[in-house]
Amino acid sequence: MKLEHIGIAVKNLEASNELFRVLFDTPHYKVESVESEHVSTSFFKTGESKIELLEATDPNSPIAKFIDKKGEGVHHLAFEVVDIDFELKRLQAEGFQLIHETPKDGADNKRIAFLHPKSTNGVLIELCQEKG
Ligand code: ZN
């Protein structure tokens, strides 16, 4: 598995895009909304990996709930896999708790699924696979 991106929950995507532009000395290369998760996202390239900024577009968004509880900050780590359906079955058989038993459409042309942080030492982990 390769670290594909790190997801960071932010309150204001526009302000954070500017902050991270200065930090990386490079602007984000795309902005994308994911309706099913009620989020707007933006992506920065950082070497082999990416940074995904996530802003809630609705109070019911998981990102809004996360920020209410914990404030802004690292939200998830995303690992790229070759066969996400196989990995989900494998991890479930190993006793990991899945948030999504079948992959769904995510940002950046990916099929994604999350593992529950209860079963991964408190870290929310996303598996993703590039759509063919
Ligand atoms: Zn992500």
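The structure presented is a predicted model; accordingly, all values stated were derived computationally and were not measured. (Residues numbered from 1 in each chain as written. Predicted model: local features only at pLDDT ≥ 70, side-chain atom pairs only at ≥ 80, totals over all residues. Heavy atoms only, no water.)

A. The arrangement of the overall build of the chain in detail. Scanning the chain from terminus to terminus reveals three helices and eight strands. The N-to-C order of helical and strand elements in the chain reads β-α-β-β-β-α-β-α-β-β-β. Over its C-alpha atoms the chain spans a radius of gyration of 14 Å, differing by no more than 12% from the 14 Å that the globule rule assigns to 132 residues. Taken along its principal axes, the extent of the C-alpha atoms in the chain is 45 × 30 × 25 Å. (Helix = DSSP H or I, 4+ residues; strand = E, 2+ residues; numbered from the N terminus. Rg over C-alpha atoms; globule rule 2.2 N^0.38 Å.)

B. Representation of the packing of aromatic side chains in the model. On inspection of all chains with the given rule, the structure shows four aromatic pairs. Both rings, one in F20 and one in F44, keep their centres 6.1 Å apart while their planes meet at 45°; by these two values the pair is tilted. One end of the pair, F20, is in helix 1 (residues 13–24); the other, F44, is in strand 3 (residues 39–46), with 24 residues separating them in the sequence. Classification of F20 as buried rests on a relative accessible area of 13%. Among the residues examined, F44 registers a relative accessible area of 1% and is labelled buried. Relative to F43, the ring of Y29 has its centre 6.3 Å away and its plane inclined at 45°; by these criteria the two rings are tilted. On the criterion of sequence distance, the pair formed by Y29 in the loop between helix 1 and strand 2 (30–34) and F43 in strand 3 is long-range, its members being 14 residues apart. On the accessibility criterion, F43 (1% relative accessible area) is buried. What links up through ring pairs into an aromatic cluster is the set F20, F24 and F44. When the ring centre of Y29 is taken as reference, the NZ or CZ atom of K45 above it lies at 3.9 Å. (Phe/Tyr/Trp six-rings, centres within 6.5 Å; stacked < 30°, edge-to-face > 60°. Buried < 20%, exposed > 50% of the residue type's maximum accessible area, 1.4 Å probe, protein only. Lys NZ or Arg CZ within 6 Å of the ring centre and 35° of its normal.)

C. A look at the coordination of the zinc ion. At this site the zinc ion is bound by H5 (NE2), E52 (OE), H76 (NE2) and E126 (OE), with donor distances of 2.1 to 2.2 Å. What the four donor atoms of the zinc ion show is an angle range of 83 to 168° at the metal, which sorts the shape as irregular. (Donors = N, O, S within 2.8 Å, 3.2 Å for Na, K, Ca; no water. Tetrahedral: all angles 85-135°; square planar, octahedral: opposite > 155°, others 65-115°.)

D. Representation of the side chain of K104 within the structure. Residue placement: K104 occurs in strand 6 (residues 104–106). With relative accessibility at 18%, the residue K104 sits in the buried group. Polar contacts involving the side chain of K104 include one to the side chain of S36, which spans 3.5 Å. (Polar contact = N/O pair within 3.5 Å; in protein donor to acceptor, adjacent residues only side chain to side chain.)

E. How the structure looks around the sheet that holds strand 3. Taken in spatial order, the eight strands of this open sheet run 2-3-4-1-5-8-7-6, and their pairing is mixed. The two strands at the open ends of the sheet, each matched to only one other strand, are strand 2 and strand 6. Taken over all neighbouring pairs, the strand axes of this sheet differ in orientation by 35° on average, direction set aside. As defined by bridge partners, strand 2 adjoins strand 3 across five bridges and the pair is classed as antiparallel. Considered in strand 3, the bridge of E32 is made with T41. Against the sheet, helix 3 (residues 84–93) engages strand 7 (110–115) and strand 8 (125–130), with an angle of about 10° to strand 7. (Pairing = 2+ DSSP bridges. Axes fitted to C-alpha atoms, helices over the stretch in contact; angles between N-to-C directions. Contact = heavy atoms within 4.5 Å.)

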